[in-house]
Amino acid sequence: MGPPPPPRPPRPPFSPPPNPPDPLSGISPRTASILCYVPGMGWIAAIIVLASHRFRHVPTVRFHAFQGLYLFVAWLMNDQVLKWALAPSPFHHLHDLVGLVLFIMAIFMMVKASRDEMYSLPIFGDLAHRSMSEN
């Protein structure tokens, strides 16, 4: 028989795995705010921003996320409701005008967000402020 095996080192106490890195850690509040207004896709960024832990306590970013979501809802209503409601009437081009105005508003807000301005659009800004106060 040979020598006894060396004693095993004591097991360290259980510790939970380290937290995964925050995927939004490299995004500045300004960039997050701008992304919430990208026409057609800003709603995705807005939802991610609102759900993220990183921006949970940054009022400016949350405001832009809510306002960007409301702009997207207006775009959806224009595209899915107004377009079809006005189709048989002589005012069917009003849908295009509303779409252009919403597009210009989104670009305008991207510029405002890039300057760290918390500009409140009529109606949309009021809704965004109310949404922020409910959380």
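Heads up: the structure comes first, above all this text.
Definitions and limits used
- Residues numbered from 1 in each chain as written.
- Predicted model: local features only at pLDDT ≥ 70, side-chain atom pairs only at ≥ 80, totals over all residues.
- Heavy atoms only, no water.
- Buried < 20%, exposed > 50% of the residue type's maximum accessible area, 1.4 Å probe, protein only.
- Helix = DSSP H or I, 4+ residues; strand = E, 2+ residues; numbered from the N terminus.
- Arc of directions from axis to C-beta.
- Contact = heavy atoms within 4.5 Å.
- Axes fitted to C-alpha atoms, helices over the stretch in contact; angles between N-to-C directions.
- Parallel < 35°, antiparallel > 145°, perpendicular 65-115°, else oblique.
- Left-handed = near helix turned anticlockwise from the far one by under 90°.
- Nonpolar A, V, L, I, M, F, W, Y, C, P; charged D, E, K, R; others polar.
- 1 Å grid on protein atoms, 1.4 Å probe; cavity = no way out; pocket = protein on both sides within 12 Å on 5 of 7 lines; lining within 4 Å.
- Points joined across faces, edges and corners; volume = space filled by probe spheres on them.
- Patch = residues over 30% accessible without salt bridge, like charges linked within 9 Å, V, L, I, M, F, W, Y side chains within 5 Å.
- Areas by Shrake-Rupley, 256 points an atom, 1.4 Å probe, with all protein chains shown as cover.
- Salt bridge = Lys/Arg side-chain N within 4 Å of Asp/Glu carboxyl O.
- Core = buried A, V, L, I, M, F, W, Y, C linked by side-chain atoms within 4.5 Å.

Asks: I'd love a proper account of helix α5 (residues 124-134), names of residues and values included.
Replies: An α-helical segment advances 3.6 residues per turn. Residues three or four places apart therefore align on the same side. What α5 keeps buried is the set F124, G125, A128, S131 and M132. The buried residues of α5 occupy one face: seen down the axis, they fall within an arc of 120°. Residues R130, S133 and E134 are exposed on α5 and point more than 90 degrees away from its buried face. Of the surrounding elements, those touching the buried residues of α5 are α3 (59-85) and α4 (94-114).

Asks: Tell me about the packing of α3 against α5, residues and numbers included.
Replies: Following both chains from N to C, one finds α3 and α5 inclined at 130°, their axes separated by 8 Å at the closest point. Taken together, the axis directions place α3 and α5 in an arrangement best described as oblique. In the packing of α3 onto α5, the handedness of the crossing is right-handed. Taking contact as the criterion, the partners of P59, R62, F63, F66, Q67, Y70, L71 and A74 in α3 are, on α5, F124, G125, L127, A128, H129, S131 and M132. Of the residues that constitute the contact of α3 with α5, the class distribution is ten nonpolar, four polar and one charged.

Asks: Lay out the layout of surface pockets in plain terms, naming residues and giving numbers.
Replies: A volume near 230 Å³ is recorded for the largest pocket. In this structure, the largest pocket is lined by 15 residues; those nearest its centre are P39, G40, L71, W75 and A106. Grouping the constituent residues of the lining of the largest pocket by class yields eleven nonpolar, four polar and no charged.

Asks: Before we move on, can you summarise a nonpolar patch on the surface with the specific residues and values?
Replies: Together, F91, L94, L97, L100, V101, F103, I104, I107 and V111 make up an exposed nonpolar region whose accessible area comes to about 820 Å². Among the structural elements, I104 can be located in helix α4.

Asks: Go over the nonpolar core with me, naming the residues and quoting the values.
Replies: Counting 13 residues, the largest nonpolar core has A32, C36, V49, F55, V61, A65 and F66 as the members making the most contacts within it. Every element with two or more residues in this core is listed here: α2 (42-51), α3 and α5. In terms of residue count, α3 provides more of this core than any other element does, four residues in total. The contact partners of A65, leaving out residues within four places of it in the chain, are C36, A46, V49 and L50. In terms of nonpolar packing, the next biggest core, distinct from the first, is built from nine residues, L71, A74, L102 and M109 among them.

Asks: Can you break down the pattern of salt bridges residue by residue, with the values?
Replies: Scanning all chains against the criterion turns up two salt bridges. For D116, the salt bridge goes to R30, with nearest N and O atoms at 2.6 Å. Of this pair, D116 sits in the loop between α4 and α5 while R30 is found in helix α1 (residues 29-35), placing the two residues 86 residues apart along the sequence. Classification of D116 by relative accessible area gives partly exposed; the value is 46%. For R30, a relative accessible area of 39% gives the class partly exposed. Salt-bridge contacts for E117 lead to K112; the nearest nitrogen and oxygen are separated by 3.0 Å. Looking at E117, the relative accessible area reads 29%, which means it is partly exposed. Residue K112 is classed as buried on the basis of its relative accessible area, which comes to 16%.

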